[in-house]
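Close look at the chain arrangement
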Amino acid sequence: MRSILQLSSVLALLLEANAFVPQSKYPISDVSLQMADGDDVYVMVNGMPGPMATAAAEACLRKGLKLAPVAMTGPDIPPSTVTVYDPVTEKSADVRLIPASETDEMKASIEGVKESCGEKNVLAIDYTHPSAVNNNALFYAENKLPFVMGTTGGDREKLIEDMESAKHFAVIAPNMGKQIVAMQAALEDLATKYPGAFAGYKLECKESHQKTKADTSGTAKAVIDSLTQLSDDKFTYDDIEMVRDDKESIEFGVPEDSLKGHAFHTYTLTSSDGSVQFQLKHNVAGRTVYAEGTADAVKFLAGKLQSESEGKVYNMINVLEEGSLE
């Protein structure tokens, strides 16, 4: 599937101004595992065979990372082995999927991977389900498994609060795309420097995603946070217009071949008399931009594991500022 990123806005003018055990039920020995040296990073990509998790796993291979031989899948998905294949580099890896309901098995597998690859060489990516976000994060912290949380939804304040209290290494962000992260950072800066610059303007937001996405766009929420600082509109997350219908998505401009994986957003600020209108759009067809940003976040976090003695919660702006987005 093609990946198209479109960013267009009159606002741009303003922005420019400024593991395993012997009797394991799902043994790691089912798949090959090479001993890691100090430079090797193994990534447990949780959420496969879901399309976003699979795309992230492919991106990890593409960027020189290795996949852990086991990963967590949905609690109702039968255990299986999948082959992740990156068509760009032609690299592949077999990964044994363990249902999230098999908690003891998952813990033992994590320990086995860390013992074989090195404590600081194993990290996780989470692209599971919004309902699992908080519990999964606590599970990672309990098992000392650094992670990149790509899944949106859940109680985000509690998520960050729990991880900061645990002093756990994590990257948590509503969006993993480099250009969109840069746009978010610019908007945050604009809102801080010029709060109320759009006072009296009415705010509207419409976002379309594939119909399998269960929650409101986390990116839309983050952008709205900045736009409401710029305006005095009492706009809330509940006012965001969600599109999860194929026909409506096509009418919104989504290419038909991207219906199963896209993120189209339009934000509109209109003056009280209707004579002036500003519009911000960011449209993504495909998952590549998010998958590659996720892999970059893993590499960033792996570096922090080696350089920092105490865990910390980072976001994608931290990754961008450090020049870690390729």
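Residues numbered from 1 in each chain as written. Predicted model: local features only at pLDDT ≥ 70, side-chain atom pairs only at ≥ 80, totals over all residues. Heavy atoms only, no water.

Here six strands make up an open sheet; going across it, the order is 3-2-7-8-9-14 and the pairing parallel. Looking at strand neighbours, the two that pair on one side only are strand 3 (66-67) and strand 14 (313-314), the edges of this open sheet. Across five bridges, the pairing between strand 2 (residues 42-46) and strand 7 (residues 122-126) is parallel. Bridging from a neighbouring strand, V43 pairs with L123 of strand 7. Along the sheet, helix 2 (residues 51-62) contacts strand 2, strand 3 and strand 7; its crossing angle with strand 2, the most-contacted strand, is approximately 165°. Contacts from helix 9 (residues 288-307) reach strand 2, strand 7, strand 8 (147-149), strand 9 (170-172) and strand 14 within the one sheet, and its direction differs from that of strand 7 by about 145°. (Pairing = 2+ DSSP bridges. Helix = DSSP H or I, 4+ residues; strand = E, 2+ residues; numbered from the N terminus. Contact = heavy atoms within 4.5 Å. Axes fitted to C-alpha atoms, helices over the stretch in contact; angles between N-to-C directions.)

Of all hydrophobic cores here, the largest spans 90 residues; its most connected members are M44, V45, M48, L67, I125, F147 and V171. Once you skip the residues sitting within four places of it in the chain, V171 turns out to touch F147, V148, M149, A297, F300, L301, Y314, N315, M316 and V319. (Core = buried A, V, L, I, M, F, W, Y, C linked by side-chain atoms within 4.5 Å. Buried < 20%, exposed > 50% of the residue type's maximum accessible area, 1.4 Å probe, protein only.)

What follows is about the confidence of the model for the protein. With 87% of its residues at a pLDDT of 70 or more, the protein has an overall mean of 88. Across residues 1-38, confidence stays below pLDDT 50; counting only partners more than four residues off in sequence or on other chains, it has 97 contacts. (pLDDT = per-residue confidence, 0-100.)

Moving on, we get to the packing of aromatic side chains. Here the structure, examined in full by the defined rule, presents six aromatic pairs. Between F198 and F278, the aromatic rings sit 4.9 Å apart at their centres with planes inclined by 90°, giving edge-to-face as the arrangement. Of the two residues, F198 is situated in the loop between helix 6 (178-193) and strand 10 (202-209) and F278 in strand 13 (residues 277-285); the sequence distance between them amounts to 80 residues. The burial state of F198 is the same as that of F278; both residues are buried. A connected cluster of aromatic rings, assembled from ring pairs, spans F139, Y140 and F147. (Phe/Tyr/Trp six-rings, centres within 6.5 Å; stacked < 30°, edge-to-face > 60°.)

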